[in-house]
Amino acid sequence: MNNKPETPTQDRTFFGQPRGLSTLFFTEMWERFSYYGMRAILIYYMYYSVTKGGLGFDQATAASVMSIYGSMVYLASVLGGYLSDRVWGSRKTVFIGGVLIMFGHIALSIPAGAMALFISILLIVLGTGLLKPNVSEMVGGLYDEGDTRRDAGFTIFVFGINLGSLVAPLIVGWLGLKYNFHLGFSLAAIGMFLGLIQYWYGGKKYLSKESLYPTDPLEPGDMSKLTVRSLVGLVAFGLVVLLMFLLGSLNLNNFVMLLSTIALAAPVIYFVIFLTSKKVTPTERKHVWAYLGLFIAATIFWAIEEQGSSVLALFAANQTNNNFMGFHILPSWYQMLNPLFILIYTPFFAMLWNRWGKKQPSSPAKFATGMLFAGASFLLMVVPVTLFGTDAKISPLWLVGSWAIVEIAELLISPIGLSVTTKLAPKAFQSQMMSMWFLADAAGQAVNAQAVKLYTPGNEGAYFLGVAIVALVAGLILFALVKPIKNLMAGIK
């Protein structure tokens, strides 16, 4: 059998895209099914009382843990990018990540209390870090430089992500909240298992052999340096934790604060590495500077978008009338709104970018517009809280409207961000640059882990307004910087 994929001009069997996109599309679809199925019920599992099958955390702590969990998932993409570039290659790294994710969901399916939760968090954090950046990097590798199908291909890829994310909260949420949390987590594990089977067989047929090898393999002696640096990092982290223990300040909230600090420091360190590395050419260095502006905007956007699983999830459970037109809505089902609107909007955006072709707005302009929509989504939530007060239970249509607006922002930022990351990546740091895109999400959720503590009874309106203002101001600043960023991109559209 010839495992070499067909050239882009010959290979138009998956919505006009390379056939390898189908393999990566379904792999990511099942991975997202498992992750978003788990995420739809996890916050409720944490703060529901033990008598209701939960762990009994208070709501503020549950929301904070939820945010830092998401942050660590994307922070681990740094490890995934490095191991792909230097050790395993992207295809093997993705498979190992999927196996770890599956076992993480299995751990949650065991009724072993908080210990099982933290073991699961560790496994899923590591597994997702290995899988996500490298799947996306392989999507970019399907296209030649200058292939105008790239943005449309990434938009279709994001469609696959959201297809899995749409079905998962409906099924896993129903099983977890109606019957048993652990049954819901078991279903998430099965979803990841199906994704692994599809990836294994599809990868042999449609993915390039180049994905089996690292792009920048370790040189002799590098492994010892890596081992020493890793040990130094672990010892430093351990000493900080030990100091917190000796000072009597080692508790869950302070540990979350420590992780938030690490998540915010990581992208700063990475940008310094990219900008000072001898492996990066002067032109590539300009690209990295251009990417910095987009990265900051993406961090603010993800800080808003990711609050759907924390702040808006609490709002859905506590301040929303979930008996609507004679139908009872489970709080976890609101997590379907994110992928639902993505699926509705995606065909329109894909058609729009294809029709405009080279005349479409630049990536910075798309980002800036997206920031305005993100701010508007939280600005909308100020209205019902102001009109009806914080004690009233409002119509679910307000939440629907908020998600409808923020998902316009996501279509202007997420697939475009994935695409522009592959375009601006220095050759020696391709997978690690893709990790930077996920570090934007990590940094945004690290901010959330602290910010959500401000979301308290009676303060909802001020909270939504404050977040909205930050996003709107950031969007206006980015519009002013569109031309300088385009100049730094040096002709890359």
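Since the structure is predicted, the reported quantities are computational estimates derived from the model, not experimental observations.

**Q** Looking at this structure, I do not really get the pattern of salt bridges. What am I missing?
**A** Pairing of side chains with opposite charge becomes possible as their charged atoms draw close. In the structure shown here, the tally under the stated rule is three salt bridges. One salt bridge connects Arg 32 with Glu 31, and the closest N-O pair in it is separated by 2.6 Å. Of the charged contacts in the structure, one is a salt bridge between Arg 39 and Glu 306, with a shortest N-O distance of 2.6 Å. Note that Arg 39 is positioned in helix H1 (residues 20-47) and Glu 306 in the loop between helix H10 (282-305) and helix H11 (311-318), a separation of 267 residues in sequence. For the pair formed by Arg 39 and Glu 306, the shared burial category is buried.

**Q** I'm lost on the packing of aromatic side chains in this one. Help?
**A** Describing an aromatic ring pair means giving the distance of the ring centres and the angle of the ring planes. According to the stated counting rule, one finds 30 aromatic pairs in the structure shown. Judged by centre distance (5.4 Å) and plane angle (75°), the ring pair of Tyr 45 and Phe 185 falls under edge-to-face. Highlighted residues: Tyr 45 in helix H1 and Phe 185 in helix H7 (residues 181-206), separated in sequence by 140 residues. Each member of the pair Tyr 45 and Phe 185 is classed as buried. Note on Trp 302 and Trp 437: the rings are 6.3 Å apart at their centroids and 75° apart in plane angle, and the pair reads as edge-to-face. Pair noted here: Trp 302 is in helix H10 and Trp 437 is in helix H15 (residues 430-451), with a separation of 135 residues, a long-range link. The two residues Trp 302 and Trp 437 agree in class, both being buried. Members of the aromatic cluster, each reached through a chain of ring pairs, are Tyr 44, Tyr 45, Tyr 47, Tyr 48, Phe 181 and Phe 185.

**Q** Where do I start with the nonpolar core in this structure?
**A** As a rule of thumb, soluble globular proteins bury nonpolar side chains together. Ranked by size, the top nonpolar core spans 144 residues in total, and within it Leu 42, Trp 437 and Phe 464 carry the most contacts. Ranked by residue count, the leading element in this core is H1, at 14 residues. Setting aside chain neighbours within four positions, we find Trp 437 in contact with Tyr 291, Ala 298, Trp 302, Phe 367, Ile 413, Ser 414, Gly 417, Leu 418 and Thr 421.

**Q** Quick question: what am I supposed to make of the packing of helix H4 (residues 90-109) against helix H5 (residues 113-140) here?
**A** Helices that pack against each other are described as a pair by the angle of their axes relative to one another and the distance between those axes. Viewed as axis vectors pointing N to C, H4 and H5 meet at an angle of 155°, and their least axial separation amounts to 7 Å. Put simply, H4 runs roughly antiparallel to H5. You can see that H4 and H5 cross each other, and the crossing is left-handed. When the residues that make up the contact of H4 with H5 are grouped by side-chain class, the tally is 17 nonpolar, 10 polar and two charged.

**Q** What am I meant to see in the side chain of Glu 305 here?
**A** By the secondary structure assignment, Glu 305 is in helix H10. Leaving out residues up to four positions away in the same chain, Glu 305 has contacts with Asn 338, Val 406, Glu 407 and Glu 410.

**Q** Help me understand the environment of Val 452, please; the structure alone is not making it clear to me.
**A** Within the fold, Val 452 resides in the loop between H15 and helix H16 (460-480). When its relative accessible area of 3% is taken as the criterion, Val 452 is described as buried. Sequence separation of Val 452 and Glu 305 is 147 residues, and the distance between their C-alpha atoms is 13 Å. With near-sequence residues (within four places) excluded, Val 452 lies in contact with Ala 63, Ser 64, Ser 67, Ser 310, Val 311 and Tyr 463.

How each quantity is defined
- Every chain is numbered on its own, with residues counted from 1 as its sequence reads.
- Predicted model: local features are reported for residues with pLDDT of at least 70 only, side-chain atom pairs are reported and counted for 80 or more only, and whole-chain, interface and lining totals are derived from all residues.
- The side-chain numbers reported here are obtained from all heavy atoms of the structure, hydrogens and water having been left aside.
- The working definition used for a salt bridge is a side-chain nitrogen of Lys or Arg within 4 Å of a carboxyl oxygen of Asp or Glu.
- Secondary structure is summarised from DSSP: a helix means a run of H or I of at least four residues, a strand means a run of E of at least two, and numbering begins at the N terminus for each.
- Relative accessibility decides the category of a residue: with a 1.4 Å probe and only protein chains considered, values under 20% of the type maximum give buried, values over 50% give exposed, and everything between is partly exposed.
- Pairing of aromatic rings covers Phe, Tyr and Trp, the last through its six-membered ring, and needs centres within 6.5 Å; plane angles under 30 degrees mean stacked, over 60 mean edge-to-face, and all others mean tilted.
- Residues belong to one nonpolar core when they are buried, are Ala, Val, Leu, Ile, Met, Phe, Trp, Tyr or Cys, and are joined through side-chain atoms within 4.5 Å.
- Residues count as neighbours in contact if any of their non-hydrogen atoms are within 4.5 Å of one another.
- Helix axes are fitted to C-alpha atoms over the stretch in contact, other axes to C-alpha atoms as well, and angles between N-to-C directions run from 0 to 180 degrees.
- An angle below 35 degrees is read as roughly parallel, one above 145 as roughly antiparallel, one from 65 to 115 as roughly perpendicular, and any other as oblique.
- Left-handed is the label given to a crossing in which the near helix is rotated counterclockwise from the far helix by less than a right angle, and right-handed is the label when the rotation is clockwise.
- Polar here means any residue other than Ala, Val, Leu, Ile, Met, Phe, Trp, Tyr, Cys and Pro, which are nonpolar, and Asp, Glu, Lys and Arg, which are charged; Gly is therefore polar.

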